[in-house]
Amino acid sequence: MKVALLSEYRKFQWIDREIAEPGSGEVQIRVSFASICGTDMHIFNGDFHPRTPVPFIPGHEVAGIVERVGPDITGFSPGDKVAVDPLIWCGECPACKANHYPACNSLKLIGIDVDGGFSEYINIDQKMLYKAPAKVPVEHLALTEIYGIGFHACNRAGVIPGDSLAIWGAGRVGQVILQAARTITDAPIFMVDIVEKRLQIATGAYKNIIPLNVLKEDPIETIWKHTAGKGTDIAFEAVGHPLFPDKTVHPVRGAIQSIKGGGRVCVLGLADDPAPIVFKELIWKEAMIIASRVSHGEYPTVIDKLDKGALKPEALISGIMPAHQIQEAFEKVEQDPANYLKILLQFKD
Ligand SMILES: NC(=O)c1ccc[n+]([C@@H]2O[C@H](COP(=O)([O-])OP(=O)(O)OC[C@H]3O[C@@H](n4cnc5c(N)ncnc54)[C@H](O)[C@@H]3O)[C@@H](O)[C@H]2O)c1
Ligand SMILES: [Zn+2]
Ligand SMILES: [Zn+2]
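Just so you know, these numbers come straight off a predicted model, no measurement behind them. (Residues numbered from 1 in each chain as written. Chains lettered and ligands numbered in written order. Predicted model: local features only at pLDDT ≥ 70, side-chain atom pairs only at ≥ 80, totals over all residues.)

(A) Main features of the overall build of the protein. On a plain count of helices and strands, the protein comes out with twelve helices and 17 strands. With respect to the principal axes defined by its C-alpha atoms, the protein has extents near 60 × 40 × 40 Å. The proportion of buried residues among the 349 residues of the protein is 46%. Long-range contacts, defined as pairs at least 24 residues apart, comprise 74% of the intrachain contacts of the protein with a sequence gap of at least 6. (Helix = DSSP H or I, 4+ residues; strand = E, 2+ residues; numbered from the N terminus. Buried ≥ 20, exposed ≤ 12 C-beta atoms within 10 Å, placed from the backbone. Contact = placed C-beta atoms within 7 Å.)

Structure (structure tokens):
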């Protein structure tokens with residue numbers, strides 16, 4: 001088989017590898033599509049060193065077809081269409097024992113901590129596989145992982161019908177929060193970003209979206225105007241590393257300023273720098289900050305929503321490229337982020 005090996009940082013090689021036999025409890029997947037994620041861009045650059053040393057095979061947003069099954073497998077058969085959940089939790093730490101897997105002390109992901117799915121075949125523990133109905137396009141199934149992040153964030157924040165939202169960051173994570181939220185609430189959703197094209201993805205896909213470009217207007221003023229001075233029920237922060245920090249309000253602070261009294265802020269951005277929070281702004285509202293990491297049990301919901309046509313995967317997919325052009329695909333995403341939200345790599349049909 002062929003694999004896309006990150007042989008050194010910033011350099012992929014499309015090379016031959018032996019296909020390993022699926023072990024006990026494992027299923028062999030013929031990878032159809034794998035999606036490139038923001039984390040993959042960091043791995044590519046070496047930002048995740050030493051967590052992700054080279055040579056390495058990334059890829060944690062993966063879908064494909066069952067090729068064959070290892071010993072003792074009963075729930076999967078060749079030909080099944082499956083999405084891969086990349087999470088490996090230890091099952092032993094206090095968080096795992098409390099059934100709080102995203103907080104596992106030693107949470108690992110395939111494609112980040114161990115070789116992943118940028119590969120024509122991969123053997124995966126059956127616990128990490130979710131079957132999809134035949135009519136769900138397998139390219140859309142490759143977005144299950146990132147959609148899971150959106151649905152998990154909505155679950156963590158407790159989004160209910162009628163909730164108005166402000167989503168800070170209209171990138172990959174912000175867009176999946178939006179799509180997940182739109183399966184729950186029709187109320188106004190403010191999308192906040194600095195890149196018009198990212199805002200347009202949201203307004204092009206849904207009604208009742210108010211785009212806010214923080215470089216062009218004061219987002220808080222607009223949110224207050226549109227909500228008759230109340231603020232939104234919930235705000236999400238999905239920026240991470242804000243650009244133009246001198247010209248824009250920090251997204252975590254902006255999210256706190258967006259919400260109504262008694263509202264909730266859900267943070268997802270993985271910044272290394274401290275965020276300037278004025279806690280008084282939170283305390284006056286007696287508001288809550290909630291963190292959301294990866295997903296936990298949302299795969300069946302995502303697959304069901306894809307099956308029912310309740311999500312808009314076409315709005316996320318900026319292009320599909322053959323997997324052997326992986327180097328070019330990564331360079332495109334890096335050089336032109338406004339036009340390349342998500343590229344899917346096509347491995348096998
Ligand atoms: N918690 C989780 O489970 C989880 C999962 C995946 C990614 N993440 C993190 O979420 C963050 C977003 O990831 P992504 O893949 O969507 O990245 P992305 O680059 O696609 O999106 C970030 C968006 O923020 C916008 N932005 C930049 N500066 C801004 C500013 N000053 N104000 C408003 N918007 C601004 C960018 O234009 C971009 O559209 C990252 O920190 C990532 O590491 C968290
Ligand atoms: Zn990802
Ligand atoms: Zn654990």
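(B) Summary view of the sheet that holds strand E11 (residues 189-193). Strand order in the open sheet made by the six strands is E12-E11-E10-E13-E14-E15, with parallel pairing throughout. The open sheet terminates on both sides in strands that have one partner only, identified here as strand E12 (209-213) and strand E15 (288-291). Neighbour to neighbour, the strand axes of the sheet diverge by 20 degrees on average, direction disregarded. Lying over the sheet, helix H6 (residues 196-205) contacts E11 and E12, oriented at roughly 175 degrees with respect to E12. (Pairing = 2+ DSSP bridges. Axes fitted to C-alpha atoms, helices over the stretch in contact; angles between N-to-C directions.)

(C) View of the nonpolar core. Counting 100 residues, the largest nonpolar core has Ile167, Ile177, Met191, Phe236 and Leu345 as its most contacted members. Among the elements that line this core, the one with the most residues is helix H4 (residues 144-157), at seven residues. If you count residues domain by domain, this core takes at least three from each of domain 1 (2-142 + 312-346) and domain 2 (150-291). (Core = buried A, V, L, I, M, F, W, Y, C linked by C-beta atoms within 7 Å. Domains from an automatic or database assignment.)

(D) Focus on the pairing of strand E5 (residues 81-84). Going residue by residue along E5, you find Lys81 and Ala83 tucked away on one face and Val82 and Val84 tucked away on the opposite face as well. As paired elements, strand E4 (residues 62-69) and E5 share three bridges and run antiparallel to each other. Each bridged residue has a counterpart across the sheet, and for Ile65 the counterpart in E5 is Lys81. Note: E5 against strand E9 (residues 129-132), four bridges, orientation antiparallel. Across the sheet, residue Val82 finds its bridge partner in E9, namely Lys131.

(E) Just the site of ligand 1, in detail. Contacts to ligand 1 come from 29 residues, most closely from Gly38, Gly171, Val173, Gly240 and Pro242. Going through the elements one at a time, helix H5 (172-182) and E11 are the ones with two or more residues in the shell around ligand 1. Broken down by element, the residue count for the shell around ligand 1 peaks at three residues, all from H5. Considering only residue class, the shell around ligand 1 consists of 17 nonpolar, eight polar and four charged. (Near = placed C-beta within 6 Å. Nonpolar A, V, L, I, M, F, W, Y, C, P; charged D, E, K, R; others polar.)

(F) Region of interest: unusual backbone geometry. Cis peptide bonds are those with omega within 30 degrees of zero, and the linkage from His49 to Pro50 qualifies with 5 degrees. In this fold, Pro50 is placed in the loop between helix H1 (38-45) and E4. Between Val54 and the following residue, Pro55, the backbone shows a cis peptide bond with an omega angle of 0 degrees. Within the fold, Pro55 resides in the loop between H1 and E4. In this structure, Arg10 takes a positive phi of about 75 degrees despite not being glycine. By secondary structure assignment, the location of Arg10 is in the loop between strand E1 (2-8) and strand E2 (11-16). Residues other than glycine seldom take positive phi values, yet Asn99 does so here, at roughly 65 degrees. In this fold, Asn99 is placed in the loop between helix H2 (94-97) and strand E7 (108-109). On the basis of neighbour count, Asn99 is assigned to the exposed category, with 8 C-beta atoms found within 10 Å.

(G) Representation of H1 in the model. Of all the positions in H1, only Asp40, Ile43 and Phe44 are classed as buried. All buried residues of H1 fall inside an arc of 100 degrees around its axis, so they share one side. Elements that come into contact with the buried residues of H1 comprise E1 and helix H12 (326-335). (Arc of directions from axis to C-beta.)

(H) Structural view of the pairing of strand E16 (residues 317-322). When E16 meets strand E17 (residues 342-346), the two strands line up parallel, connected through five bridges. If you follow Pro322 over to E17, its bridge partner there is Gln346.

(I) Representation of the packing of helix H7 (residues 219-226) against helix H8 (residues 251-258) in the model. The interhelical angle for the contact between H7 and H8, taken along N-to-C directions, is 20 degrees, at an axis separation of 10 Å. Taken together, the axes of H7 and H8 lie roughly parallel to each other. Pair H7 / H8 crosses with right-handed handedness. Of the residues in H8, those in contact with Pro219, Ile220 and Ile223 of H7 are Gly254, Gln257 and Ser258. (Parallel < 35°, antiparallel > 145°, perpendicular 65-115°, else oblique. Left-handed = near helix turned anticlockwise from the far one by under 90°.)

(J) Inspection of the domain arrangement of the protein at higher detail. For the protein, the assigned domains are domain 1 (2-142 + 312-346) and domain 2 (150-291). Inter-centroid distance (C-alpha atoms) of domain 1 to domain 2 is 29 Å. Contact with domain 1, which involves nine residues of that partner, is made by nine residues of domain 2. Of the residues belonging to the side of domain 1 that touches domain 2, the class tally is five nonpolar, two polar and two charged.

(K) Just the environment of Ala323, in detail. Looking at where Ala323 falls in the secondary structure, it is placed in the loop between E16 and H12. Overall, Ala323 belongs to the buried group, with 23 C-beta atoms counted inside 10 Å. When the C-alpha atoms of Ala323 and Ser32 are compared, they prove to be 9.8 Å apart, with 291 residues separating the residues in sequence. The contact partners of Ala323, leaving out residues within four places of it in the chain, are Ala4, Phe118, Leu345, Gln346 and Phe347.

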